[in-house]
Amino acid sequence: MNTATLNNRDGDWRDSRRYWWLLSILTMLLPVGAVQMVLLTGWPVMWWFGFLFVFGVIPLFDVLLGEDTANPPEESVPELERDRYYRWAVYVSVPLLYAGFLYAAWVAATWGLAWYSYLGLAVSTGCATGIAINTAHELGHKPDRMEKWLAKVALAPVFYGHFYVEHNRGHHVRVSTPEDPASSRFGETFWAFLPRTVIGSLRSAWHLEKQRLARQGKPVWSPANDNLRAWALSVLLWGALVAWLGWAVLPFLVIQSVFGFQLLEVVNYLEHYGLRRQKKANGRYERCRPEHSWNSNRRVTNIFLYQLQRHSDHHAYPTRSYQSLRHFDESPQLPGGYASMILLAWVPPLWFRVMNPRVAAHYGGDLSRANIKPGLDRD
């Protein structure tokens, strides 16, 4: 029996995960955890604590605790959306992100670490800053101006502020189409997808802002350009750290940034792999539906990622808050949570072995309906 049924027996539904959502903010402190685990154990491998936690502990508990397909009753959703507790549970992650990030930068630049320890700390930090992109994702979809500003602040450590523009106004419009740089294609490896999506998303974000500012009679090189504003925060942050800690911190900043934004892009890779919206007779694409996103109900990863794995509902209702997102039976389901699926995506033969048959089954064997890598359909 699912938790929604248990809580709704008396007609008074309650969110049984209300306080579990706070676990998501702990990921912002993964680099602090790495340092403290090294001090506690003396084991150099603990510099990689962030990586081990995200790709070891979380998948293990996903398996042990299984799935949760419960949805909040629709009559309870308006009250859930009004409850400011859920917003503050997101807001508090931003200062914790900066606390962990600045502490790790100081350690990396001043402790005289061996290269493998320096690398481990940078990757542990990249796990936190990469997950913080999802925090920015949750904040950036809301109409509140403060939340939009916090989204840009959360993106500053990874120097990926254009995500704020491209995701909201690019990806959500073109999702699951060949034109979307953030929708991966059947037969495309993650390592081929990564440069395509990084370059394509950057170009798209710049083009979208150029169009928006042109409608307002402003040049693209303007203080009103959201890309420039977001990048300026990164320049200010990184510049201040170099001025404070010296050039020794720069490799750390670059490594954590690259690892962090590739975490975003590998999640993009698995969310829409091979799925395609069909064109209608008028040449326009059909509306995005639950069948156009891969989903997962693994309860532990959903807690840590603000239910990002209920991706179909997010695309149908982008402003719907994480605590209200729903499972749909018709949505294609991943065989594991995002954390374990990322490990598969990094190894293309394993990914293709697991996911290609699922794409084929989703389309009843008719891969002409899938979003296929160019040239593969002719092989």
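Residues numbered from 1 in each chain as written. Predicted model: local features only at pLDDT ≥ 70, side-chain atom pairs only at ≥ 80, totals over all residues. Heavy atoms only, no water.

Caption draft 1: Summary view of the environment of M46. With respect to the secondary-structure elements, M46 resides in the loop between helix 2 (30–41) and helix 3 (49–65). With relative accessibility at 11%, the residue M46 sits in the buried group. Each C-alpha atom, one on M46 and one on F328, is 39 Å from the other, the two residues being 282 residues apart in sequence. Those residues in contact with M46 that sit more than four places away from it in its chain are A34, M37, V38, T41 and L52. (Helix = DSSP H or I, 4+ residues; strand = E, 2+ residues; numbered from the N terminus. Buried < 20%, exposed > 50% of the residue type's maximum accessible area, 1.4 Å probe, protein only. Contact = heavy atoms within 4.5 Å.)

Caption draft 2: A look at the packing of aromatic side chains. For the coordinates displayed, the defined rule picks out 29 aromatic pairs. Taking the centre distance of 5.0 Å and the plane angle of 80° together, the rings of W88 and Y91 count as edge-to-face. One end of the pair is W88 and the other is Y91, both in helix 5 (residues 85–91) and 3 residues apart, which spans about a single turn. Since its relative accessible area comes to 55%, W88 is described here as exposed. Among the residues examined, Y91 registers a relative accessible area of 4% and is labelled buried. A ring pair is formed by Y306 and Y322, whose centres lie 4.9 Å apart and whose planes are at 55°; its orientation type is tilted. Here Y322 lies in the loop between helix 14 (311–316) and helix 15 (338–345) and Y306 lies in the loop between helix 13 (299–304) and helix 14, a separation of 16 residues in the sequence. (Phe/Tyr/Trp six-rings, centres within 6.5 Å; stacked < 30°, edge-to-face > 60°.)

Caption draft 3: Inspection of the nonpolar core at higher detail. With 97 residues, the main nonpolar core has L121, V249, F252 and W351 as its most contacted residues. Residue contributions to this core peak at 11 residues, all from helix 7 (residues 115–140). In contact with W351, not counting residues within four places along its chain, are Y269, L270, Y273, M341, L344, A345 and N356. (Core = buried A, V, L, I, M, F, W, Y, C linked by side-chain atoms within 4.5 Å.)

Caption draft 4: Molecular detail of the pattern of salt bridges. One pass over the structure, following the stated rule, counts 19 salt bridges. The partner of D68 in a salt bridge is R299, with the nearest N and O atoms 4.0 Å apart. Linking D68 in the loop between helix 3 and helix 4 (77–82) with R299 in helix 13, this pair joins segments that are 231 residues apart in sequence. On the basis of relative accessible area, D68 is assigned to the buried category, the value being 5%. (Salt bridge = Lys/Arg side-chain N within 4 Å of Asp/Glu carboxyl O.)

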